[in-house]
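# Results of the structural survey
Residue strings, one per chain:
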Amino acid sequence: PYVWWVKEPIDLARMQAAAAAFVGRHDFRAFSDDDPEEKSTVVVLDEVTVAATGALVLVRVAGSHFLWKMVRRMVGVLVAVGTGALPPSRVAEWLDDPRRARGEPARLTAPAAGLFLERVFYEGDTWPEPLIAPIPVR
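Presented here is an overview of the structure given in this document. Since the model is a prediction, treat every value here as computed from it, not as a measurement.

### What to know about the overall build of the chain
- Along the backbone of the chain there are 4 helices and 3 strands.
- Beginning at the N terminus, the succession of helices and strands in the chain can be written as α-β-β-β-α-α-α.
- Taking 138 residues into account, the globule formula puts the C-alpha radius of gyration at 14 Å, and the chain, at 15 Å, falls close to it.
- Along the three orthogonal principal directions, the C-alpha set of the chain runs to about 45 × 40 × 25 Å.
- Scored against the burial criterion, the 138 residues of the chain give a buried share of 33%.
- Restricting the contact set of the chain to residue pairs at least 6 apart, pairs at least 24 apart contribute 64%.
- Entry remark: accessible area of the chain is about 8500 Å², with carbon and sulfur atoms responsible for 53%.

Put into structure tokens, the structure is as follows:
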């Protein structure tokens, strides 16, 4: 499969509110399996966009770099927020104090299906382009 099918209704506004908390310079330790003793878990995210197109909910994450499993855990948490399982404020709490997460983002990790590198941007490139589905879904 090329998408993650979430059967529960999703509140896009809740997901967008939670996504806004990811933007900026944060310690993403709670969203990665990387060891902060071996390398920095601080990442700068320029954009986290959540948009609907037809039956799809698309999530775009743009930043300086990504940690192992970071984006999958971010998306899993956003879906949990969208289905009402988590409050949108939880994202900011976990970024402010990664120990408060206690493994919950790992439990909510989204499957790799549908995750892909959209584009690499270099200095001078213009972005972002419109967020559209890479394949049509009926």
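Once you've had a look at it, read on.
### Regarding the pattern of salt bridges
- Summed over the entire model, instances satisfying the criterion amount to 12 salt bridges.
- With a shortest N-O distance of 3.6 Å, R99 and D97 are connected by a salt bridge.
- A relative accessible area of 24% means that D97 is categorised as partly exposed.
- Shared partners join several salt bridges into a network, and the residues in it are R90, E93, R100, E104 and R107.

### Regarding the sheet that holds strand β3 (residues 56-63)
- The sheet built from 3 strands is open, its strands ordered β1-β2-β3 with antiparallel pairing. Both edges of this open sheet fall to β1 (24-27) and β3, since each of them pairs with a single strand only. Taken pair by pair, the neighbouring strands of this sheet meet at an average axis angle of 45°, ignoring direction.
- Along the sheet, helix α2 (residues 70-82) makes contact with β2 (42-53) and β3, crossing β2 at roughly 45°.

### Focus: α2
- An ideal rise of 1.5 Å per residue puts 18 Å on 13 residues; α2 measures up with 18 Å between its terminal C-alpha atoms.
- With 12 of 13 residues buried, α2 lies mostly within the body of the structure.
- Every buried residue belonging to α2 is among M70, V71, R73, M74, V75, G76, V77, L78, V79, A80, V81 and G82, and all of these are buried.
- On its buried face, α2 is in contact with α1 (12-22), β2, β3, α3 (89-96) and α4 (104-107).
- Downstream of α2 by a residue or two, G84 has a phi angle that is positive, lying close to 90°.

### Re the packing of α1 against α3
- Viewed as axis vectors pointing N to C, α1 and α3 meet at an angle of 20°, and their least axial separation amounts to 7 Å. For the element pair α1 / α3, the angle class is roughly parallel. Note on packing geometry: the crossing formed by α1 with α3 is right-handed. Between α1 and α3, the residues in contact are A18, A21 and F22 and V91, A92 and L95, respectively.
- Of the residues contributing to the contact of α1 with α3, the split by class is 6 nonpolar, no polar and no charged.

### What to know about a nonpolar patch on the surface
- Together, L117, V120 and Y122 give the surface a local cluster of nonpolar side chains, amounting to about 360 Å² of exposed area.
- Examined against the element boundaries, Y122 turns out to sit in the segment after α4.

### Concerning the pairing of β2
- Where β1 and β2 come together, 4 bridges link them in antiparallel fashion. Residue pairing for β2: R25 is matched across the bridge by V44.
- Bridging between β2 and β3 involves 8 bridges; their strand directions are antiparallel. What sits directly across from E47, in β3, is A62.
- Counting the residues between successive antiparallel strands, the hairpin from β2 to β3 contains 2 residues, one of them, G54, with a positive phi of roughly 65°.

What counts, and where the lines are drawn
Residues numbered from 1 in each chain as written. Predicted model: local features only at pLDDT ≥ 70, side-chain atom pairs only at ≥ 80, totals over all residues. Heavy atoms only, no water. Helix = DSSP H or I, 4+ residues; strand = E, 2+ residues; numbered from the N terminus. Rg over C-alpha atoms; globule rule 2.2 N^0.38 Å. Buried < 20%, exposed > 50% of the residue type's maximum accessible area, 1.4 Å probe, protein only. Contact = heavy atoms within 4.5 Å. Areas by Shrake-Rupley, 256 points an atom, 1.4 Å probe, with all protein chains shown as cover. Salt bridge = Lys/Arg side-chain N within 4 Å of Asp/Glu carboxyl O. Pairing = 2+ DSSP bridges. Axes fitted to C-alpha atoms, helices over the stretch in contact; angles between N-to-C directions. Expected span 1.5 Å × (residues − 1). Parallel < 35°, antiparallel > 145°, perpendicular 65-115°, else oblique. Left-handed = near helix turned anticlockwise from the far one by under 90°. Nonpolar A, V, L, I, M, F, W, Y, C, P; charged D, E, K, R; others polar. Patch = residues over 30% accessible without salt bridge, like charges linked within 9 Å, V, L, I, M, F, W, Y side chains within 5 Å.

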